[in-house]
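# A structural walkthrough
Letter by letter, the chains look like this.
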Amino acid sequence: MRQPTLQDVADNAQVHRATASRALNPATRHLVNAETADRVERVARSLGYRPNPIARSLKTSRSASIGLVIPDLTNPLFPPIARGVEDVLRPVGYSAWIVNTDNDPAREADAVESMRVRNVEGFVFATARLEHPLLDELTAAGSPVVLVNRRIATAAIPSVTADDATGVALAVRHLVELGHQRIAHLAGPQDLSTGRGRLRAFRQALQDHGLPDDPERLIVCTSWTESAGAAALTALLDSDVDFTAVLAGNDLLALGCYDALAARGLRCPDDVSVVGFNDTPFMDKLSPPLTTVRIPHYELGAEAARLLLTEIQEPDRHPRSVLLPLTLVVRGSTAPPRP
């Protein structure tokens, strides 16, 4: 059987083809009288008509879709970000094409080029190195881009990030108030704004509390993974550096601390207090439950989507960035140090 066309819908609804097209497109439905739009939708359903987004994209060079570039889909902080993006886009007729890059620049470039030839209208990047030529290329070409949970040096690219400096300050203050004076830090990769910013904030917090910034209590991890956290804390334990608490750069690094302590027969928080960062799902189900800085991941994604829609609809508007507040969630992984 012949598939029904947009012209079939228009003829049966007794409207012009352009009116039928606007009525069936969520992004333009508001341009059509509500009664007419409802009639067009009823006719489309009765005929079994399905819009062809590819054909529409080829005709208009607009796809009502954006690219969401994720560095690691197995990292539990990214699904709520993706959900926030999609929940803002869906009501206005946009969809997100999600790609996982594994932090591989070549794979990222291939994925972005594939989406560009399909006329995606903009990008949300959850992956951004401090030096990121691909972002420079996209902005130079006029592609709307928003960073989420990441920043780069240039102010030309809007970003939505958490107030990491305040989050680190809250974590260090909590440990100091418990009586900890010798606090170690497992920092994240220093080619990412999150890793570098949290390390800078940790050093500032030590200074604010009059504590020594001892480089022996700092280890920079090469990745945001549980195995990297375990290796880092094992190295600290092997070095005989004196510390009573650890602030991990994220929750996965904190999970690695649990692994390393258990392997040595040490207990958290009896022997070492541990604080994470992100409050990813199930951190409250650990034994002991993890004290961690809570980031509003869903809100990060939602706000990034709003910024991107503004970039698409108002390309001449001056770029702006958003900083979201954080809170500290105190659980069982922190306690006063042993006398």
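Everything numeric in this text was worked out from a predicted model, so none of it was measured. (Residues numbered from 1 in each chain as written. Predicted model: local features only at pLDDT ≥ 70, side-chain atom pairs only at ≥ 80, totals over all residues. Heavy atoms only, no water.)

### A short note on the overall build of the protein chain
Within the protein chain, the secondary structure is distributed over twelve helices and twelve strands. By principal-axis analysis of the C-alpha atoms, the protein chain measures approximately 85 × 40 × 35 Å. Expressed as a percentage of the 339 residues in the protein chain, the buried residues total 51%. Across the protein chain, every contact between residues at least 6 apart in sequence was considered, and the portion connecting residues at least 24 apart equals 70%. (Helix = DSSP H or I, 4+ residues; strand = E, 2+ residues; numbered from the N terminus. Buried < 20%, exposed > 50% of the residue type's maximum accessible area, 1.4 Å probe, protein only. Contact = heavy atoms within 4.5 Å.)

### Some remarks on the pairing of strand 9 (residues 273-278)
Of all six residues in strand 9, six are buried, a share of seventy percent or more. Two elements, strand 8 (residues 245-248) and strand 9, share three bridges in a ladder whose sense is parallel. From the neighbouring strand, alanine 245 faces strand 9, where its bridge partner is serine 273. One crossover worth recording links strand 8 to the parallel strand 9 by way of helix 11 (residues 251-263), and it is right-handed. Note: strand 9 against strand 10 (residues 291-294), four bridges, orientation parallel. Bridge pairing in strand 10 places phenylalanine 277 opposite valine 293. (Pairing = 2+ DSSP bridges. Right-handed = clockwise from strand over helix to strand, strands pointing away.)

### Concerning the pairing of strand 5 (residues 159-162)
Going residue by residue along strand 5, you find Ser159 and Thr161 tucked away on one face and Val160 and Ala162 tucked away on the opposite face as well. Two elements, strand 4 (residues 145-148) and strand 5, share two bridges in a ladder whose sense is parallel. Following the sheet pairing, leucine 147 is matched in strand 5 by serine 159. Bridging between strand 5 and strand 11 (residues 322-324) involves three bridges; their strand directions are parallel.

### Let's talk about the packing of helix 6 (residues 105-116) against helix 7 (residues 133-140)
Two elements in contact, helix 6 and helix 7, have axes whose closest approach is 11 Å; the angle formed by their N-to-C orientations is 20°. As judged from the angle between their axes, helix 6 and helix 7 are roughly parallel. Considering only the axes of helix 6 and helix 7, their crossing is right-handed. Listed contacts from helix 7 to Glu108, Ala109, Val112 and Arg116 of helix 6 are Leu134, Glu137 and Leu138. (Axes fitted to C-alpha atoms, helices over the stretch in contact; angles between N-to-C directions. Parallel < 35°, antiparallel > 145°, perpendicular 65-115°, else oblique. Left-handed = near helix turned anticlockwise from the far one by under 90°.)

### Focus: the sheet that holds strand 11
Read from one edge of the open sheet, six strands run 2-1-3-4-5-11, paired in parallel fashion. Both edges of this open sheet fall to strand 2 (95-100) and strand 11, since each of them pairs with a single strand only. On average, adjacent strands in this sheet sit at an angle of 20° to one another, irrespective of strand direction. Contacting strand 1 (65-70), strand 3 (123-125), strand 4, strand 5 and strand 11, helix 12 (residues 297-313) crosses the sheet at an angle of about 170° to strand 4.

### Let's talk about unusual backbone geometry
For the peptide bond that leads from cysteine 268 to proline 269, omega is 5°, which places it in the cis range. Omega for the peptide link from serine 287 to proline 288 comes to 0°, which places this bond in the cis form. Mapped onto the elements of the fold, proline 288 is located in the loop between strand 9 and strand 10. Backbone geometry at aspartate 102 places phi at a positive 55°, although glycine is not the residue there. When you line up the elements, aspartate 102 lands in the loop between strand 2 and helix 6. Classification of aspartate 102 as partly exposed rests on a relative accessible area of 44%. A positive phi is found at asparagine 103, a non-glycine position, where the angle reads about 60°. When you line up the elements, asparagine 103 lands in the loop between strand 2 and helix 6.

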